[in-house]
Amino acid sequence: LTSMIPTTVLLLLFINLPTSICAFSPLSSSSSYLCSRRFAGSRQNAPSSILLSMSNTATEDNDIQKLKSTILTSIEPTKRGLSATSTQKSTIESQIQRLESYCMAEPARDEKMDGKWKVEYTTAPPPSNGQLGPFVGIARQVIDLDTKRYSNLLIVDPNEWLSATLDATWEEWDGVFLEKVGGFDGDNATSSSTILEGREEEEQKDDNQKKDDSPFGAVLNWFRQSTDTKESTSISKKTDYGATSWRVTFDSLTIRFFGIPIVTKKFENTARVWRMSYLDDDTRVVRAGQTGKSEDDVVFYMTRE
C-alpha cells in the first residue's frame with residue numbers, strides 16, 4: 001500500500017503524526033496537553049537532513065522561477081534576438097548561464113524533451129532566428145522521442161502565409177567532433193581550422209557551384225554551407241556525451257507559400273551537435289554548433305507550447 005503513496009505525502013504524515021495522535025486521543029484535556037508537549041519535542045527532532053533538503057529544494061525552485069522571469073524580461077525588447085545589442089546579448093548570456101547551473105544530470109535522455117517548443121531567443125543567424133529572407137516569423141521546434149525525429153518550423157503570419165520546415169533525425173552524440181566545410185554565417189569563408197590543407201580552392205569552387213540564386217537561395221545556401229560536415233577528431237571517450245548531447249542530421253528543407261511547397265531541398269551529410277544545457281517542464285536551453293566544440297555554439301532559449 002505504501003508504494004502507492006507519494007513519498008512527499010508519507011513524509012508529511014510522519015512529521016504531523018504526533019499531532020494527529022493527540023487529536024484523536026481519548027485522554028483528558030490535560031493529558032492531551034501533555035501528549036502534545038511530548039510529541040512536539042519529537043517533531044523538533046525529525047531528521048534535519050530531510051527538512052533541510054525540502055527547504056533547499058523550495059528555495060532553488062523559487063530562484064529558478066525568478067531567473068526565468070528575468071530572462072524573459074531581458075529578451076522581450078530584442079525581437080527574439082534579431083535586434084539585440086552586444087550589451088543585451090552579454091546580459092542575456094550571463095543570465096542563461098546562471099540558469100544552466102541548475103540543469104539536471106541527463107537532459108538529453110529526459111522525456112521532457114518531447115513536444116512542441118517555441119524559440120524565444122537565439123544568437124543563431126537566419127533562418128534559425130526566425131527570419132526568412134526579408135520576412136520575420138516565429139521559429140518552433142517539434143520533437144518526437146519515439147521516432148527520434150524532429151522538425152524546425154518557421155511560420156510567418158498572418159495566416160501562416162509563408163513557412164519553412166526543416167525535417168531531421170537525431171541520435172546520441174558519441175563525442176566525435178564534426179569538421180566545418182564553409183562559413184557558419186552563410187558566406188563563402190573557409191576560415192575553419194579543421195579544413196584539410198590544400199583543399200580550400202576545391203571546396204570554394206564546389207561551394208560556388210552549389211549556390212542557389214532563387215528568391216530563397218540565401219536560406220538554402222546558408223543551410224548548405226553551414227551544415228556540410230564530416231567526422232573529425234574525437235574527444236574523451238570516458239565522458240557520457242549522449243547524456244547531454246545529440247548529433248542531429250538534416251533531411252530536407254521545404255518552403256511553402258500558403259501551404260503549397262515552392263522550394264524543397266534534400267540534404268546529404270549535413271549534421272550539427274546539440275547540447276541540452278538546461279531542461280525543465282516548460283523551458284529548454286540548447287547550445288547548437290557545427291562541430292561539437294563550444295567556440296562555434298549558438299544558444300537557443302525555448303519555452304514549451
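The structure this text deals with has already been given above.
Residues numbered from 1 in each chain as written. Predicted model: local features only at pLDDT ≥ 70, side-chain atom pairs only at ≥ 80, totals over all residues. Heavy atoms only, no water.

**Section: the pairing of strand β13 (residues 298-304)**
Quick note on the threshold: When accessible area is computed with a 1.4 Å probe and restricted to protein chains, residues below 20% of their type maximum are described as buried, those above 50% as exposed, and intermediate ones as partly exposed. Where helices and strands are cited, they refer to DSSP runs of H or I of at least four residues and of E of at least two residues respectively, numbered from the N terminus. A pair of strands is considered paired only if DSSP assigns at least 2 bridges between the two.
With respect to burial, β13 is a largely interior element, 6 of its 7 residues being buried. For strand β1 (residues 115-122) and β13, the ladder comprises 5 bridges, and the chain directions are antiparallel. Looking at β13, one finds that lysine 118 is bridged to threonine 303. For strand β12 (residues 283-289) and β13, the ladder comprises 6 bridges, and the chain directions are antiparallel. Directly across from alanine 288, in β13, lies its bridge partner valine 298.

**Observations regarding a negative patch on the surface**
Heads up, the condition is: Patches draw on residues past 30% relative accessible area with no salt bridge. Two like charges within 9 Å are joined, as are two nonpolar side chains (Val, Leu, Ile, Met, Phe, Trp, Tyr) within 5 Å. All accessible-area figures derive from a Shrake-Rupley calculation using a 1.4 Å probe, and residue coverage is judged against the displayed protein chains alone. By convention in these notes, a salt bridge is any Lys or Arg side-chain nitrogen within 4 Å of a carboxyl oxygen on Asp or Glu. Counting rule applied: Lys, Arg positive; Asp, Glu negative; His and chain ends not counted. The location of each charge is read from NZ of Lys, CZ of Arg, CG of Asp or CD of Glu.
A cluster of acidic residues, Glu111, Asp114, Asp144 and Asp146, forms a negative patch at the surface. Of the residues examined, glutamate 111 reaches a relative accessible area of 68% and is grouped as exposed.

**Some thoughts on unusual backbone geometry**
Backbone torsion omega between proline 126 and proline 127 reads 0°, so that peptide bond is classified as cis. If you trace the backbone, proline 127 turns up in the loop between β1 and β2 (131-132). Phi is positive for lysine 148, which is not a glycine, with a value near 55°. Within the secondary structure layout, lysine 148 lies in the loop between β4 (138-144) and β5 (149-156). Within the chain, asparagine 269 stands out as a residue other than glycine whose phi angle is a positive 55°. Overall, asparagine 269 belongs to the partly exposed group, its relative accessible area being 48%.

**Some thoughts on the environment of glutamine 141**
Formally: Whether two residues are in contact is decided by their heavy atoms: any pair within 4.5 Å suffices. Any pair of nitrogen or oxygen atoms within 3.5 Å is treated as a polar contact; in protein, a donor-acceptor pairing is required on top of that, and neighbouring residues in sequence qualify only through side-chain atoms on both sides.
Mapped onto the fold, glutamine 141 is located in strand β4. Here glutamine 141 falls in the buried class, since its relative accessible area comes to 7%. Remark: the alpha-carbon pair of glutamine 141 and glutamate 305, spanning 164 residues in sequence, is separated by 9.8 Å. Look past the residues within four positions of glutamine 141 in its chain and what remains in contact with it is Gly115, Lys116, Trp117, Tyr150, Ser151, Asn152, Trp274, Arg284 and Met302. A polar contact of 2.9 Å, which involves the side chain of glutamine 141, links it to the side chain of asparagine 152. Here the side chain of glutamine 141 touches arginine 284 through a polar contact of 2.4 Å, side chain to side chain.

**Points about the pattern of salt bridges**
The full count for this structure, using the stated rule, is 15 salt bridges. Put simply, lysine 68 and aspartate 282 hold a salt bridge, and the shortest N to O gap is 2.7 Å. One end of the pair, lysine 68, is in helix α3 (residues 48-75); the other, aspartate 282, is in the loop between β11 (271-279) and β12, with 214 residues separating them in the sequence. Classification of lysine 68 as buried rests on a relative accessible area of 5%. The shortest N-O distance in the salt bridge between aspartate 251 and arginine 149 comes to 2.9 Å. Residue aspartate 251 is found in strand β9 (residues 245-257), and its partner arginine 149 is found in strand β5; the two are separated by 102 residues along the sequence. Using a relative accessible area of 35% as the deciding quantity, one classes arginine 149 as partly exposed. A network of salt bridges, in which partner residues are shared, links Glu106, Arg109, Glu172 and Asp240.

**Focus: a nonpolar patch on the surface**
There is a patch of nonpolar side chains on the surface, built from Phe257, Phe258 and Ile262 and spanning about 310 Å² of accessible area. Mapping isoleucine 262 onto the fold places it in strand β10 (residues 260-266). Judged by its relative accessible area of 45%, isoleucine 262 falls in the partly exposed class.

**Quick notes on helix α4 (residues 86-100)**
Using the following cut-off: Expected helix span is given by 1.5 Å per residue-to-residue step, counting one fewer step than there are residues. The directions considered for the arc run from the helix axis to the C-beta atoms.
Between the first and last C-alpha of α4 there are 21 Å, a value that for 15 residues agrees with the 21 Å anticipated at 1.5 Å per step. Within α4 the residues assigned to the buried category are Ile92, Gln95, Ile96, Leu99 and Glu100. Viewed end-on, α4 has its buried residues packed into an arc of 145°, placing them on one side of the element. Exposed and facing more than 90 degrees away from the buried side of α4 are Ser86, Thr87 and Arg98.

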